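Next come the chains, spelled out residue by residue.
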Amino acid sequence: MKSRDMNHDWIATARTLSEALPYMQRYAGAVVVVKFGGNAMGDDDAMAEFARDIVLMRQVGINPVVVHGGGPMINDMLNRLGIVSEFVRGKRVTDKATIEVVEMVLTGLVNKRIVQAIMDQGGRAVGLSGKDDDLMVCEPDDPELGFVGRPVRMNAQVLRDLFDAGIIPVVAPVATGTQPNETFNVNGDTAAGAIAGALRADRLLLLTDVSGVKDTSGTVVTAMTPEDVTAMIADGTIAGGMIPKTETALKAIEDGVRAVVILDGRVPNACLLELFTEHGAGSLIRPER
């Protein structure tokens with residue numbers, strides 16, 4: 001007869017799973033859009049952990065959509081090809097040569113790495129871009145910046161069809177235009193927000209390399225309303241790179257997303273912490289109930 005001591009880690013794991021049940025029930029059937037980017041994209045272990053979390057989300061009945069960036073990979077390829085970028089007001093001009101590299105890297109390299117990582121963890125995933133089935137149609141965001149797009153029309157049905165087939169969509173932020181043969185590069189956060197709005201997602205998770213939105217004392221604000229965000233932008237509390245992220249959140253909520261979370265993608269299992277625990281993992285923005 002075998003005997004076995006009950007390891008405290010096993011007991012803690014079982015307790016965690018039990019405590020997660022109400023949250024799993026709460027999100028069953030929900031659409032959660034996750035913007036993936038930052039340092040985790042270049043680290044194999046972090047990529048595998050992220051993919052495992054996405055597969056688990058699908059396993060418990062959530063419909064996740066992954067939208068990714070790839071700025072460092074684009075910069076690396078431009079440098080390798082000797083393509084010199086021009087800048088206007090600190091922003092890269094995306095000319096004809098650059099947009100071809102952007103499309104190649106985002107749809108052909110980065111996108112397929114994420115798809116493969118999800119498949120390696122036992123999930124089913126399909127990679128696509130905003131061009132597929134006119135998922136995302138854009139106009140120039142600023143003519144001086146070239147082929148940088150602003151979504152003006154969305155067709156999210158292709159994503160719903162993938163949900164119905166049990167498949168996780170992985171979307172590269174490259175879009176078509178309103179004119180023939182146009183291709184646009186879209187900011188990853190902007191693309192994720194537009195997709196979340198088109199799907200009226202329950203949650204939009206914006207993974208970043210910071211811990212969330214901070215107040216004047218440097219403390220992360222865990223719960224905010226759109227009015228709070230607007231006031232913090234106006235008084236300068238929200239500044240720099242956090243402004244476009246929070247503006248994306250406000251636009252997504254305006255388009256029907258129930259809540260947006262800006263969270264630290266460097267934290268292990270950040271998505272699971274946010275969705276399935278009372279603790280959460282970042283700054284939650286939603287209208288007052």
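Before reading on, note that the structure itself is shown above.
Residues numbered from 1 in each chain as written. Predicted model: local features only at pLDDT ≥ 70, side-chain atom pairs only at ≥ 80, totals over all residues. Heavy atoms only, no water.

Caption draft 1: Helix H4 (residues 96-120), seen in detail. Look at H4: 35 Å from first C-alpha to last across 25 residues, which is about the 36 Å you get at 1.5 Å a residue. By the burial criterion, the buried members of H4 are Thr98, Ile99, Val101, Val102, Val105, Leu106, Val110, Asn111, Ile114, Val115, Ala117 and Ile118. The positive-phi residue at the C-terminal boundary of H4 is Gly122, with phi of around 95°. (Helix = DSSP H or I, 4+ residues; strand = E, 2+ residues; numbered from the N terminus. Expected span 1.5 Å × (residues − 1). Buried < 20%, exposed > 50% of the residue type's maximum accessible area, 1.4 Å probe, protein only.)

Caption draft 2: Examining the packing of helix H2 (residues 44-59) against H4 more closely. Where H2 contacts H4, the axes come no closer than 8 Å and their chain directions differ by 65°. Of the two possible hands of crossing, H2 and H4 adopt the one that is right-handed. Where H2 abuts H4, its residues Met47, Ala51, Ile54 and Val55 lie against Arg113, Ile114, Ala117 and Ile118. When its residues are assigned to classes, the contact of H2 with H4 shows seven nonpolar, no polar and one charged. (Axes fitted to C-alpha atoms, helices over the stretch in contact; angles between N-to-C directions. Left-handed = near helix turned anticlockwise from the far one by under 90°. Contact = heavy atoms within 4.5 Å. Nonpolar A, V, L, I, M, F, W, Y, C, P; charged D, E, K, R; others polar.)

Caption draft 3: Local environment of the pairing of strand S8 (residues 168-172). A large share of S8 lies buried, amounting to five of its five residues. Relative to S8, strand S2 (residues 63-68) runs parallel, the two being bridged by two bridges. Within S8, the position partnered with Val67 by the bridge is Val171. Across five bridges, the pairing between strand S5 (residues 125-129) and S8 is parallel. Of the residues in S8, the one forming a bridge with Leu128 is Val171. (Pairing = 2+ DSSP bridges.)

Caption draft 4: The arrangement of the packing of aromatic side chains in detail. The final tally for this structure, using the stated rule, is two aromatic pairs. Pairing Phe36 with Phe50 gives two aromatic rings, centres 3.9 Å apart and planes at 5°, and the pair type is stacked. In this pair, Phe36 is assigned in strand S1 (residues 31-36) and Phe50 in helix H2, connecting sequence segments 14 residues apart. For the pair Phe36 and Phe50, one class covers both residues: buried. With centroids separated by 6.1 Å and ring planes inclined at 55°, the aromatic side chains of Phe147 and Phe184 adopt a geometry described as tilted. (Phe/Tyr/Trp six-rings, centres within 6.5 Å; stacked < 30°, edge-to-face > 60°.)

Caption draft 5: Representation of the sheet that holds strand S6 (residues 136-140) in the model. Strand order in the open sheet made by the four strands is S7-S6-S9-S10, with mixed pairing throughout. A single partner strand is all that each edge strand has here, and the edge strands are strand S7 (149-154) and strand S10 (183-185). Neighbour-to-neighbour, the strand axes of the sheet open up by a mean angle of 50°, direction not taken into account. Across the sheet, H4 touches strand S9 (174-177) and S10, and the angle it forms with S10 is around 70°. The strands that helix H6 (residues 188-199) touches are S6 and S7; relative to S7, the one it contacts most, it runs at about 15°.

Caption draft 6: Representation of the environment of Gln179 in the model. As for its position among the elements, Gln179 is in the loop between S9 and S10. Given a relative accessible area of 48%, Gln179 falls into the partly exposed group. Between the alpha carbons of Gln179 and Glu139 there is a distance of 9.0 Å; along the sequence they are 40 residues apart.

Caption draft 7: The sheet that holds strand S12 (residues 223-224), seen in detail. Spatially, eight strands are ordered S5-S8-S2-S1-S11-S13-S14-S12 in an open sheet, and the strand pairing comes out mixed. The open sheet is flanked by S5 and S12, the only strands paired with a single partner.

Caption draft 8: Just helix H3 (residues 71-81), in detail. All of the buried residues along H3 are Met73, Ile74, Met77 and Leu78. Looking straight down H3, one finds that the buried residues subtend no more than 135° of arc, so they occupy a single side. For H3, the exposed residues set more than 90 degrees away from the buried face come down to Pro72, Asn79 and Arg80. Buried residues along H3 sit against strand S4 (91-92) and H4. (Arc of directions from axis to C-beta.)

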